[in-house]
There are 2 protein chains.
Amino acid sequence: MFTGLSAFPLTPLVNGQVDETTFVSLIETLAAARVDSVAALGSTGSHAYLSREQRARVTTLAVQAAGDIPVITSIGALRLEEMLDIADDAQRAGVSGLLLAPLSYQPLSQEEAYRLYERVARAVSVPLCIYDNPATTGFTFTPELLQAVARLPNVGSVKRSPSGTTLAQMREEIATLRRDIPATVTIGASADPKAISALLAGADTWYSVAAGLWPHDSRALAQAALRGDEARTAALNASFEPLWALFRHHGGLRVIAAAAELTGRVAAPCLPEPLQSLQGDARAQLQRVLAEHDYR
Amino acid sequence: MFTGLSAFPLTPLVNGQVDETTFVSLIETLAAARVDSVAALGSTGSHAYLSREQRARVTTLAVQAAGDIPVITSIGALRLEEMLDIADDAQRAGVSGLLLAPLSYQPLSQEEAYRLYERVARAVSVPLCIYDNPATTGFTFTPELLQAVARLPNVGSVKRSPSGTTLAQMREEIATLRRDIPATVTIGASADPKAISALLAGADTWYSVAAGLWPHDSRALAQAALRGDEARTAALNASFEPLWALFRHHGGLRVIAAAAELTGRVAAPCLPEPLQSLQGDARAQLQRVLAEHDYR
């Protein structure tokens, strides 16, 4: 389930309330495009900005709208108890997997992060994906911790941004990680601009922001990279490059939210306060990119 | 109210529940020592790890136990709506001030942080202290943003760790900041090991972790520094130096929690999972420091 293309849709808001009709239509588009999994309420889906009740409701809608496509959801919260409650809600709603970064107000020590994953992994009954995301957690996994956490029960995947920049570096990085973690744990790449190279370098999964809005093109790209077709991958990736440039500069979330707004897929503003989608010159630049490329 | 010595007590937990009797006795000690304000549920008070209900209850207990000493509380949370709810609860409980770092799951842009403070400042009726804390927020204020936020209605103080290391650098830093923000906004120093120098360099307030456990010694130190008595300040600060060394290395929270446990002021473990007070060699070192110094 934690393999292939995992699409991270937005959770569009209108005046702080989830626009359920629009959310369901986003999920239906992903299901129709046959992505391998739908990661509703990921970082792109603003999980941390919604109440427990909103998260439970959105998760239920996602599972219903996704049909036979597995749904993953993030259980990130500041409090461990809240994480466990949200995991319960999500499992009752029928998710196939859970996603968790070592989120905390006080950045955790290595031992504290292990304790967090241990508590959660033992409490859940669906597979858990370990999300290594220093930008939101202020936390850096040591290789030893990542190996230890990957050996916990119920852990099914590791999601991270490759640290290498060349294909050779990523090959080395992924091969090393694969040697050190159980064979049942898949390796997935986040950070869309780097993730394609990571797939060519041996990663199993693209945890993709772009696929949440444009699943067809993302799926073609993921499949080319996963079968090792470097020429086709390069050709498809080239059309995404103007987007990746914006992602690198502004982060994926604000760019994809602005793209969804500009293309009328969601009402503007769609992000939870005080977050804002891309504004000003960068938004105008995105509009030009979207006019030149008919992403699907 | 945002001047002098502001003491940040722990919120001791037992099995995830607040140990109310112990908490009240910590607050009573602070009130008896005549600190200038009690900052209950600050970062040291684990605000981010407690439910809205727990925070409302603890705030009420703090206001009652503090008597005529003003109580400040942090309204930090991942969601703006939750921050506003917690601010309402705190004001109903009778706090004299609120504390807010630009907390967010996605680190905020400068403009987003301004929007956050604008929303909160306009919604509250007691003074607000802006908390600049990159370690927990991943956010860095530009000087321009700090000035703009300080000019919002209801803002009464800025709490930050001095970036300078020498007294001269801190004097320059504080004089510059004071020139650029309204005269009604006080400048307070966090990060205990540096805060004493900041007081000598002109800061108005010591937002103090140590004072939450040892208000008498902290008050003597704060008063010496605030009246510019460098010799007396140096002498008093010297006895704290072994603690500051541990604070620098392990952060104030984990050290002060271990000190409270080791001295029997709170039951162990007192921190919310998965956080841990100081363990192992560092804990043994702290125990030696405590045996040599009878901090009060």
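The model shown is predicted, which means the values in this text are computed figures rather than measured ones.

Enquirer: Just to check I follow, could you spell out the side chain of Asp89(B) for this structure?
Expert: Residues and elements named next belong to chain B. Along the chain, Asp89 falls in helix H3 (residues 80-93). The exposure class assigned to Asp89 is buried, which follows from its relative accessible area of 14%. Those residues in contact with Asp89 that sit more than four places away from it in its chain are Arg52 and Ala56.

Enquirer: Help me understand the interface of chain B and chain A in this model?
Expert: A common measure of how large an interface is: the accessible area buried when the components associate. Chain B puts 31 residues into the contact, and the matching count from chain A is 31 residues. Both faces combined, the contact of chain B with chain A buries some 3,200 Å², and carbon together with sulfur accounts for 51% of it. The largest per-residue losses of area from chain B upon contact with chain A belong to Tyr49(B), Tyr105(B) and Pro274(B), which jointly make up 23% of the total buried on that side. On the surface where chain B and chain A come into contact, there are 4 salt bridges. Between Glu112(A) and Arg254(B) there is a salt bridge; the shortest N-O distance is 2.7 Å. Summed over the shared surface of chain B and chain A, the result is 16 residue pairs in polar contact (both at pLDDT 80 or more). Elements supplying a minimum of two residues to the side of chain B that touches chain A: helix H4 (110-123), helix H5 (134-137) and helix H11 (252-262) of chain B. By residue number, the principal contributor to the side of chain B that touches chain A is H4(B), which donates 5 residues.

Enquirer: Got a minute to help me understand the relation of the copies chain B and chain A in this structure?
Expert: What relates the two chain copies is a rotation about an axis together with a slide along it. Here chain B sits on chain A after a turn of 180° about the axis and a move of 0.0 Å along it, with an RMSD of 0.0 Å. When the rotation and shift are considered jointly, the pair of chain copies conforms to a two-fold rotation axis. Among all residues of chain B, the minimum C-alpha distance to the rotation axis is found for Gly138(B), at 3.5 Å. Comparing interface residues between copies, 100% of those in chain B also lie at the interface in chain A; the contact surface is shared.

Basis of the calculations
- Residues numbered from 1 in each chain as written.
- Chains lettered and ligands numbered in written order.
- Predicted model: local features only at pLDDT ≥ 70, side-chain atom pairs only at ≥ 80, totals over all residues.
- Heavy atoms only, no water.
- Helix = DSSP H or I, 4+ residues; strand = E, 2+ residues; numbered from the N terminus.
- Buried < 20%, exposed > 50% of the residue type's maximum accessible area, 1.4 Å probe, protein only.
- Contact = heavy atoms within 4.5 Å.
- Buried area = accessible area lost by both parts, 1.4 Å probe.
- Salt bridge = Lys/Arg side-chain N within 4 Å of Asp/Glu carboxyl O.
- Polar contact = N/O pair within 3.5 Å; in protein donor to acceptor, adjacent residues only side chain to side chain.
- Least-squares fit on C-alpha atoms with pLDDT ≥ 70 in both.

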